[in-house]
Amino acid sequence: VQLQASGGGLVQAGGSLRLSCAASGRSFSICFMGWFRQAPGKEREFVVAISPSGGRTDYVDSVKGRFTISRDNAKNTVYLQMNSLKPEDTAIYYCAQTRRAYSYSDSADDYDYWGQGTQVTVSS
C-alpha cells in the first residue's frame, strides 16, 4: 500500500484548503482512513478518521464543524476539506490507513501505512 497526499499550501486565516490522499492496493475500501497532523515541536495528533463505507467519522474537538472528511472508494481516495482555517491548524498533515480491516482507531500506532505528508500553513 502506498499513500500520496496532496493539496497543502499557504492560506490566510479564515480560508480553505482541500487535501487529497490517493491510495494504491486493494485494501483501501475495507480499512479506516485517518488524517493526522504534526506541528513544529509537537507530537503527531489525530485529526479525523472515516470508516470504510464513509458512514462513520470521528473528529478531534478542535476541528469539529470546520473540517470534513470524505472518501471515494472507486477512486481509492480520501479527502479532507478544511474551512475556517486558523493559525493553530498549521502543521504537516498525514493521511494513513489502518492495519486491520474494519478496525477503528485514533492512535497512530494502529495505522500501518502513511503518506509522505503535506504542509498546511495558515497565516494570521
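Residues numbered from 1 in each chain as written. Predicted model: local features only at pLDDT ≥ 70, side-chain atom pairs only at ≥ 80, totals over all residues. Heavy atoms only, no water.

Visitor: Even after reading the chapter, I still don't get the overall build of the protein chain, so can you show me in this structure?
Guide: Counting its secondary structure elements, the protein chain contains zero helices and 11 strands. Reading the helices (α) and strands (β) of the protein chain from amino to carboxyl end gives β-β-β-β-β-β-β-β-β-β-β. Relative to the globule expectation of 14 Å for 124 residues, the C-alpha radius of gyration of the protein chain, 13 Å, shows essentially globular dimensions. Here the protein chain holds 124 residues, and 43% of them are scored as buried. Pairs at least 24 apart in sequence give 58% of the contacts found in the protein chain among residues at least 6 apart. (Helix = DSSP H or I, 4+ residues; strand = E, 2+ residues; numbered from the N terminus. Rg over C-alpha atoms; globule rule 2.2 N^0.38 Å. Buried < 20%, exposed > 50% of the residue type's maximum accessible area, 1.4 Å probe, protein only. Contact = heavy atoms within 4.5 Å.)

Visitor: Looking at this structure, I do not really get the nonpolar core. What am I missing?
Guide: General note: in soluble globular proteins, nonpolar side chains tend to be found buried as a group. The biggest cluster of nonpolar side chains holds 27 residues, and the ones touching the most others in it are Trp35, Phe67, Ile69, Val78, Leu80, Met82 and Tyr93. Per-element accounting of this core gives the leading share, four residues, to strand E3 (residues 17-23). (Core = buried A, V, L, I, M, F, W, Y, C linked by side-chain atoms within 4.5 Å.)

Visitor: I keep staring at the sheet that holds strand E1 (residues 3-6) and nothing clicks. Help me out?
Guide: Sheet strands pair by backbone hydrogen bonding; their relative direction is either parallel or antiparallel. Read across the sheet, four strands follow the order E1-E3-E8-E7 without closing on themselves; strand pairing throughout is antiparallel. Looking at the sheet topology across the chains shown, the edges are occupied by E1 and strand E7 (67-72). Across this sheet, the average inter-strand angle for adjacent strands is 15°, counted without regard to direction. (Pairing = 2+ DSSP bridges. Axes fitted to C-alpha atoms, helices over the stretch in contact; angles between N-to-C directions.)

Visitor: Hey, could you run me through the side chain of Gln97 in this one?
Guide: As for its position among the elements, Gln97 is in strand E9 (residues 91-101). Look at Gln97 and you get buried, because its relative accessible area is 0%. Of the polar contacts made by the side chain of Gln97, one reaches the side chain of Ser27; its length is 2.7 Å. (Polar contact = N/O pair within 3.5 Å; in protein donor to acceptor, adjacent residues only side chain to side chain.)

Visitor: Can you walk me through the state of the cysteines in this structure?
Guide: Put plainly, a disulfide is one covalent bond tying together the sulfur atoms of two cysteines. In this structure the tally under the stated criterion is one disulfide. The disulfide that involves Cys21 links it to Cys95, with 2.0 Å between the sulfurs. On the S-S bond that ties Cys21 to Cys95, the torsion sits near 65°, and the link is right-handed. You can see Cys21 sitting in strand E3 and its partner Cys95 sitting in strand E9, a full 74 residues away along the chain. For the pair formed by Cys21 and Cys95, the shared burial category is buried. Among the cysteines around Cys31, which has no disulfide bond, Cys21 carries the closest sulfur, lying 13 Å off. (Disulfide = S-S within 2.5 Å.)

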